[in-house]
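This is what each chain is made of:
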Amino acid sequence: MTLLRLTPTALARCRFALSPLAETMGALVALHRGYAEPWLARWQADNQPAYRSWLAVDEFAAGLLSLLAATKWLPDLVAPPPAGGMHTRLADELADVAGHSDAAVRAMMPDAIAASWEPQDTGWLAGSGLAGRIAAVFEQGWQRFVAPDWARRRAVLERDVAHRAGVLAAYGWQQAVRGMTRRSVWVGRDAIRFSDQDYPDRLITDEGLIFVPHTTGRGSWTCERPHQYALVYPARGPAAEPDTAAGDPLATLLGRGRARVLRELAAPATSSQLAQVLGVSLGTVSTHLAVLRDAGAVSRARAGRSVVYTRTDRGENLCALLAD
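For every chain, the first residue of the written sequence is number 1, and numbering continues from 1 along that sequence. Local features in this predicted model are restricted to residues of pLDDT 70 or higher, and side-chain atom pairs are both shown and tallied only at a pLDDT of 80 or more, whereas totals for entire chains, interfaces and linings draw on every residue. Heavy atoms from the whole structure form the basis of all side-chain values; hydrogens and water molecules are not counted.

Enquirer: Just give me the short version of the domain arrangement of the protein chain, but keep the residues and values in it.
Expert: Domain segmentation is taken from an automatic or database assignment of domains. The assigned domain composition of the protein chain is domain 1 (2-15 + 153-234), domain 2 (19-149) and domain 3 (249-321). Averaged C-alpha coordinates put domain 1 and domain 2 at centres separated by 22 Å. Any two residues whose heavy atoms approach within 4.5 Å are treated as being in contact. At the interface, 24 residues of domain 1 touch 27 residues of domain 2. Across the interface of domain 1 and domain 2, roughly 2,100 Å² is buried in total on both sides, 56% from carbon and sulfur atoms. Throughout this description, the term salt bridge denotes a Lys or Arg side-chain nitrogen within 4 Å of a carboxyl oxygen of Asp or Glu. Run the count over domain 1 and domain 2 and you get three salt bridges. A salt bridge links arginine 153 to glutamate 23; the shortest N-O distance between them is 2.8 Å. The term buried area means the drop in 1.4 Å probe accessible area that two parts suffer when joined, counted for both and summed.

What follows is the structure, given as structure tokens:
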């Protein structure tokens, strides 16, 4: 069992952040493994041919991504804790990656290779300028496979953070981390169980722990630098692929668009977040929300500068009674 142990000051300084780099690495690993969660199935089918074509002509990318997709120990180089909070920029993260020497890169790889469940060809490590080339692989992966879908993904990530921030405000960190990963649970008064694997515990000092959601599967991992740690975890409830009304009682009653909006409001959201997640216009979402509010299935409340929509008890009961 691996624990993340927090000092009292660290607990007070825990916070959330977004990481375009973590999202990109998760996407590339999902493409490399060749299977996906239901909400990624269409994206993966659309992008798999381009991904395979890329690796067929880029031996360096193929070697790097083969390792990252098969190892249980990520090199620190590819997983820096995000430094920009909710506004972390990919360019800054890639600059961090590119700043390592060749000697540092090679020193990080043996542990990752030893923890791989597949044999690894390390010929890609023979050249020079390794860190810059690794950063370039992530930049290319971002441009090809993540950036076109980033607005929708970001909306999912922001909703997860808003949900957990609400749980945190009401119940504290012990409840906020529950269910973050398949194994995460608060242990005692000062530790989070991160993994069932027998790795050394991590001591989270006064810098605090950064929590980073991603939408690319159910995996989780830690990002480490001296005195800095982040826990990357699967976002709560990534949007499922659109379905048809056939065989769906809720969609038959409400219409497919309003049924999707009502189901998506299992977690509170703004109208713009719903539009991004569902891939429809803001006007379409606003129309559906107005009908659902008139029917008493949805309510709204102002949170700062935003208006957040939530299912009412009637909406909850309707979804439960007419479950797909």
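So much for the structure itself; the text now carries on.
Enquirer: Hey, could you go over the sheet that holds strand S9 (residues 269-270) for me, with residue numbers and the actual values?
Expert: Two strands are counted as paired when DSSP detects at least two bridges linking them. Only DSSP runs of H or I reaching four residues or more are called helices, and only runs of E reaching two or more are called strands; each is numbered from the N terminus. Read from one edge to the other, the open sheet built from three strands follows the order S9-S11-S10, with strand pairing classed as antiparallel. This sheet does not close on itself; its edge strands, each paired only once, are S9 and strand S10 (298-303). Of the pairings in the sheet, the one linking S9 to strand S11 (residues 306-311) comprises two bridges and is antiparallel in character. Across the sheet, residue threonine 270 finds its bridge partner in S11, namely valine 308. Each of S10 and S11 is contacted by helix H13 (residues 282-294), which is oriented at about 115° to S10, the strand it contacts most. Note on geometry: axes are C-alpha line fits, over the in-contact stretch for helices, and angles between N-to-C directions span 0 to 180 degrees.

Enquirer: Could you give me a rundown of the environment of alanine 151, with the residues and numbers involved?
Expert: Residue placement: alanine 151 occurs in helix H8 (residues 150-171). Each residue gets one of three labels from its accessible area relative to the maximum for its type: buried under 20%, exposed over 50%, partly exposed in between, using a 1.4 Å probe on protein chains only. Classification of alanine 151 by relative accessible area gives partly exposed; the value is 40%. C-alpha separation for the pair alanine 151 and alanine 235, spaced 84 residues apart in sequence, amounts to 15 Å.

Enquirer: Report on helix H6 (residues 102-114), specifying residues and quantitative values.
Expert: In an α-helix there are 3.6 residues to a turn, and that puts residues three or four apart on one side. Working rule for helices: expected span equals 1.5 Å times residues minus one. Here H6 is 13 residues long and its end C-alpha atoms lie 19 Å apart, about the 18 Å a rise of 1.5 Å per residue gives. Taken together, the buried positions of H6 are Val105, Met109 and Ala112. In this fold, the buried residues of H6 make contact with helix H4 (59-70) and helix H7 (130-146).

Enquirer: So what's going on with the pairing of strand S4 (residues 191-195)? Which residues, and what values?
Expert: Where burial is concerned, most of S4 is hidden: four out of the five residues are buried. The pairing of strand S1 (residues 2-6) with S4 spans four bridges and is antiparallel. Of the residues in S4, the one forming a bridge with leucine 3 is arginine 193. Note: strand S3 (residues 185-187) against S4, three bridges, orientation antiparallel. Residue pairing across strands places valine 185 opposite arginine 193, the latter belonging to S4.

Enquirer: Describe the environment of asparagine 47, and please don't skip the residues or the numbers.
Expert: Take asparagine 47: it is sitting in helix H3 (residues 41-57). For asparagine 47 and leucine 31, which are 16 residues apart along the polypeptide, the C-alpha to C-alpha distance reads 7.8 Å. What asparagine 47 contacts, discounting residues up to four positions off in sequence, is Leu31, Arg144 and Phe145.

Enquirer: Tell me about the packing of aromatic side chains, residues and numbers included.
Expert: Under the pairing criterion, centres of Phe, Tyr and Trp rings, with the six-membered ring standing for Trp, must be within 6.5 Å; the plane angle then separates stacked pairs below 30 degrees from edge-to-face pairs above 60, leaving the rest tilted. Counted under the stated rule, the structure contains six aromatic pairs. A ring pair is formed by phenylalanine 16 and phenylalanine 211, whose centres lie 5.9 Å apart and whose planes are at 45°; its orientation type is tilted. Here phenylalanine 211 lies in strand S6 (residues 209-214) and phenylalanine 16 lies in strand S2 (residues 15-16), a separation of 195 residues in the sequence. Taking the centre distance of 6.0 Å and the plane angle of 65° together, the rings of tyrosine 51 and phenylalanine 145 count as edge-to-face. Here phenylalanine 145 lies in helix H7 and tyrosine 51 lies in helix H3, a separation of 94 residues in the sequence. The same class applies to tyrosine 51 as to phenylalanine 145, namely buried. An aromatic cluster of three or more residues is present, and its members are Tyr51, Trp54 and Phe145. Note on criteria: charge over ring means Lys NZ or Arg CZ within 6 Å of the ring centre, with the direction from the centre no more than 35 degrees off the ring normal. Sitting above the plane of the tryptophan 43 ring, arginine 153 keeps its charged end 4.9 Å from the centroid.

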